[in-house]
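In case you want the letters, here they are:
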Amino acid sequence: MKAKDIARLVGAELRGDGEVEITSAADIARAKAGDLAFYDEARELPPTAASCVVVSQKFPAESATSITLLIAHDPKLAFAVAAGAVMPAKAMSGRNPSAFISEKADVEARFIGAFVCIGENSRVSKDAEIHEGVRIGANVEIGRSTIIFPNCVIYDGVAIGENCVIHAGAVIGADGFGFVRDSANGYVKFPQIGKVVIEDNVEIGANTCIDRGSLGETRVGEGTKIDNLVQIAHNVEIGKRVVIAAQTGISGSTVIEDDCVIGGQVGMGDHAHVQSGAIIGSQAGILPGKIVRPGVWWGTPIQPLDEYKRQNAYVKGLERLNKKVKELQAELAKIKDR
Amino acid sequence: MKAKDIARLVGAELRGDGEVEITSAADIARAKAGDLAFYDEARELPPTAASCVVVSQKFPAESATSITLLIAHDPKLAFAVAAGAVMPAKAMSGRNPSAFISEKADVEARFIGAFVCIGENSRVSKDAEIHEGVRIGANVEIGRSTIIFPNCVIYDGVAIGENCVIHAGAVIGADGFGFVRDSANGYVKFPQIGKVVIEDNVEIGANTCIDRGSLGETRVGEGTKIDNLVQIAHNVEIGKRVVIAAQTGISGSTVIEDDCVIGGQVGMGDHAHVQSGAIIGSQAGILPGKIVRPGVWWGTPIQPLDEYKRQNAYVKGLERLNKKVKELQAELAKIKDR
Amino acid sequence: MKAKDIARLVGAELRGDGEVEITSAADIARAKAGDLAFYDEARELPPTAASCVVVSQKFPAESATSITLLIAHDPKLAFAVAAGAVMPAKAMSGRNPSAFISEKADVEARFIGAFVCIGENSRVSKDAEIHEGVRIGANVEIGRSTIIFPNCVIYDGVAIGENCVIHAGAVIGADGFGFVRDSANGYVKFPQIGKVVIEDNVEIGANTCIDRGSLGETRVGEGTKIDNLVQIAHNVEIGKRVVIAAQTGISGSTVIEDDCVIGGQVGMGDHAHVQSGAIIGSQAGILPGKIVRPGVWWGTPIQPLDEYKRQNAYVKGLERLNKKVKELQAELAKIKDR
């Protein structure tokens, strides 16, 4: 791809040689000839061998450089889009003869790796990639161009949309964790017979677990991105364009509305409700049933970030407060003595 | 199954048509004809198409409905038991020819999925299901009717009881995390040559890890239920009918006695001892060696819930306390001025 | 091995019969004839059937016992070294015919288990063991004598050194979690095209995830030990001889220098920098960009342990402080009344 083509693709202003050929993307410090890089500072470029750099509109116009520049409104975004075009993910194709595919399955996928299993009445759409060792149960739906990396397990009845990416070892559709205490015999399993629906353009991290609904469904909305080792319990409902960082756990029936950002290692109790636009700091804890309004939240149990900070400052001031109280006691004693 | 048969099975009182046929279970709001639902409120049924509803003894007797009712002491429990009878889990059977089963293994299992491996001197009992891609090492024991979902790994020498359910991706019997610092050469591995024993009726969640004992054994007691992504370290001893929610981590040699309930994302230091009946809130942290008495516990380091709440209230009151102290200072200054 | 050979191997002083044959290692309480045990107390041995016990230099010299003793500077370390020599891990060998190994791969490994996949241009060195169901992508490098347990997934381009142990279900080289918000279309993936480098003598726990660098690399240094279910994000740089306990999560681009000890369930924000020798308590939280100096750290956000303890004591004293302030108010009111 030529620099001028990238400029057009990402809507950037070209400065310098538009004919330079771009074959790869790299960090500006390590870039080599042929690489595209990005630089989001309002000062001159650091030394770099990159052939083309995406810069921001704050970049000093007077800055002299022989490197082709692409001036973009959001250089990181422009770089991401351009890198995706210059270096598309390696598309796998073919069907490994070792795979067990039910005769009653409907598989159009571009790639079926070795040792894959696909159960009856499952449908794997066009251009999907099912990598080595993936287990797909019965009555599963996999949308177009979705990629499932090795050793994932998709239980019976799960529906996954188009253009999803599911990383290795993820487990989707295992039984939810629901038991009823029977005083005589310990625990009886509550039925875990619901579904999981993953909408389009969702990314799910390695070894993440998304349980099926107990009676209803567990749902992950369009464009949501989930990191590694996340736990999503039965009947959770996650909206569109939500971001969830690693090791967060979401208990049963909790609702997260669109466009929330959830940090890592967050814990949410069951039946909580996180409203659209809320931002939850890492390691925060949300109590069961809590309604979380839009804004930035922190701590366990969560508080608005400002309150958390103020409270934290008061806690840090406790040594001084104790000293003050001691002084007051001493002064008062003196007054009483008089 | 007819409603009258369910009534008999769960010991409920039948009201209405006992001949109605029940084929499935559902949430009361989504139920269709043929479905069993449950409703635990002391008021009239909401609109539902369910054919039969389990209600509690608080249900208003005067409530007029054409739906068959089952009046139970614990409707959720009765519903769970009934749903298990009406919709038994799909039993898998057969032996996929791709499986590698040692000639020295003794395998009676009802189902061996594709790409399973079973090592020498291992025994898989009657009616067990070993799903696709499960790896069972040597000298492993799997009890009757136990189900192991795809891609689990059971290391050498692990013993699993009867009627267990182990969800996809769980790893049982990996080496414990024990190293001895050698000032010259970094770390030397402490021997991790013990066992894991999982007793009967245990459920283990997806991608959960249970390490082998270093010298002794790691044990999970009868009827215990463990959620997804839980970490159980070497030599941990978990009693009977313990419930452990997702992402909790239990360090080496910790003991959890019978009938404890452990929330999600709890962390327990090594050599802690949680006594029978203790309830540990989510995200709590237990220090190494701590003895936790029965009761409800919360926070890091854990405290009795009441203490935690009182303390939390004091922390929230710090702003006011600081104000009061300031006022006292001002008043005292005034007095001294006089 | 004879006791006298073990004494020589671990540099211990022999007391008693050096000819006794040692075939196994065990806990002192459960040891049988032929077992080596260790005992690190400054008093007489408890009853044991062990044939040989490693004791410390504090062991009472006058203590009469017929058991062969090995007196060592660090008995636990000596025991670990001896146990490794007496009971070396079972070496697997052979190549299962079911494995798919690219013709363009260079595989010398001692053992390739059933249903393994190895992609093109990958190199698996001498004496490596690749257990059942492991997926190795293209352009992967596996060093000499490294053992990869079942169902691990090693993505394209990952480099793993010599003498590493990687436990079941670990995922190395999945895409990092990096997206750029595009106000119109949700999130665009930032390129995740970097590498992972695991140096020699590293141990990685079951179901742990180590993501590839986005543009640069993620690196785990020589001799580092990582427990189960740990999350290591893109571009993280971990030094040599670092120990990381279970369920800890390390965000993007964070640096952990040599010889740090990180507890379980710790969360580190991105771009943090933990300096050599720091010890981080379990469940601690490190804010993004934080520089953590050597020493012992605790809590969220982390503080030096001493500060944390002092602050915790002040919080616990809040009830009393409130009471004191109330008394002061009352006394002051009395004074003002006069």
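Look up: the structure comes first, before these words.
Notes on the structure follow. Only a predicted model underlies this, so the values are computations on that prediction, with no experimental measurement involved. (Residues numbered from 1 in each chain as written. Chains lettered and ligands numbered in written order. Predicted model: local features only at pLDDT ≥ 70, side-chain atom pairs only at ≥ 80, totals over all residues. Heavy atoms only, no water.)

**Side note on the interface of chain A and chain B**
Many authors give the size of an interface as the accessible area that is lost as the parts come together. In this assembly, 63 residues from chain A lie in contact with 60 residues from chain B. When the two sides are added together, the surface that chain A and chain B hide from each other amounts to roughly 4,700 Å², 66% of it contributed by carbon and sulfur. Area buried by chain A at its contact with chain B is led by Phe177(A), Tyr187(A) and Tyr314(A), which between them contribute 14% of it. Here Lys90(B) and Asp156(A) are joined by a salt bridge, their closest N and O atoms 2.8 Å apart. The tally of links between chain A and chain B comes to 21 residue pairs in polar contact (both at pLDDT 80 or more). Put simply, the parts of the chain that give the side of chain A that touches chain B at least two residues each are β19 (171-174), β20 (179-182), β21 (186-189), β24 (209-211), α3 (305-316) and α4 (318-337) of chain A. If you tally residues by element for the side of chain A that touches chain B, the top one is α4(A), at 8 residues. A per-class count over the side of chain A that touches chain B returns 34 nonpolar, 19 polar and 10 charged. (Contact = heavy atoms within 4.5 Å. Buried area = accessible area lost by both parts, 1.4 Å probe. Salt bridge = Lys/Arg side-chain N within 4 Å of Asp/Glu carboxyl O. Polar contact = N/O pair within 3.5 Å; in protein donor to acceptor, adjacent residues only side chain to side chain. Helix = DSSP H or I, 4+ residues; strand = E, 2+ residues; numbered from the N terminus. Nonpolar A, V, L, I, M, F, W, Y, C, P; charged D, E, K, R; others polar.)

**Notes on the relation of the copies chain A and chain B**
Rotating chain A by 120° about the axis while translating it 0.0 Å along that axis superimposes it on chain B, leaving an RMSD of 0.0 Å. Between the two chains, the operation in question is that of a three-fold axis. (Least-squares fit on C-alpha atoms with pLDDT ≥ 70 in both.)

**Quick word on empty space enclosed by the protein**
All told, the structure shown has 4 cavities of 30 Å³ or more when counted by the stated rule. Counted as a void, the largest cavity has a volume near 110 Å³. Across the lining of the largest cavity, the residue classes break down as 4 nonpolar, 9 polar and no charged. (1 Å grid on protein atoms, 1.4 Å probe; cavity = no way out; pocket = protein on both sides within 12 Å on 5 of 7 lines; lining within 4 Å. Points joined across faces, edges and corners; volume = space filled by probe spheres on them.)

**Observations regarding the interface of chain C and chain A**
On the chain A side, the residues contacting the 63 residues of chain C number 60 residues. The contact between chain C and chain A buries some 4,700 Å² in all, and 66% of this surface belongs to carbon and sulfur atoms. At the boundary of chain C and chain A, one finds 4 salt bridges. Arg181(C) is the partner of Asp259(A) in a salt bridge, and the nearest nitrogen-oxygen pair spans 2.8 Å. Taken together, the connections running from chain C to chain A amount to 21 residue pairs in polar contact (both at pLDDT 80 or more). Taken together, the elements giving at least two residues each to the side of chain C that touches chain A come down to β20 (179-182), β21 (186-189), α3 (305-316) and α4 (318-337) of chain C. Of the residues in the side of chain C that touches chain A, the class split is 34 nonpolar, 19 polar and 10 charged.

**Digging into the pattern of salt bridges**
Considering all chains together, one arrives at 57 salt bridges over all chains under this definition. Between Lys4(A) and Glu19(A) there is a salt bridge; the shortest N-O distance is 2.9 Å. Of this pair, Lys4(A) sits in helix α1 (residues 3-10) while Glu19(A) is found in the loop between β1 (13-15) and β2 (24-25), placing the two residues 15 residues apart along the sequence. Given the relative accessible area of 31%, Lys4(A) is considered partly exposed. Salt-bridge contacts for Arg110(B) lead to Asp127(B); the nearest nitrogen and oxygen are separated by 4.0 Å. Here Arg110(B) is found in the loop between β8 (106-107) and β9 (111-112), whereas its partner Asp127(B) is found in the loop between β11 (123-124) and β12 (129-130), with 17 residues between them in sequence. For Arg110(B), a relative accessible area of 29% puts it in the partly exposed group. (Buried < 20%, exposed > 50% of the residue type's maximum accessible area, 1.4 Å probe, protein only.)

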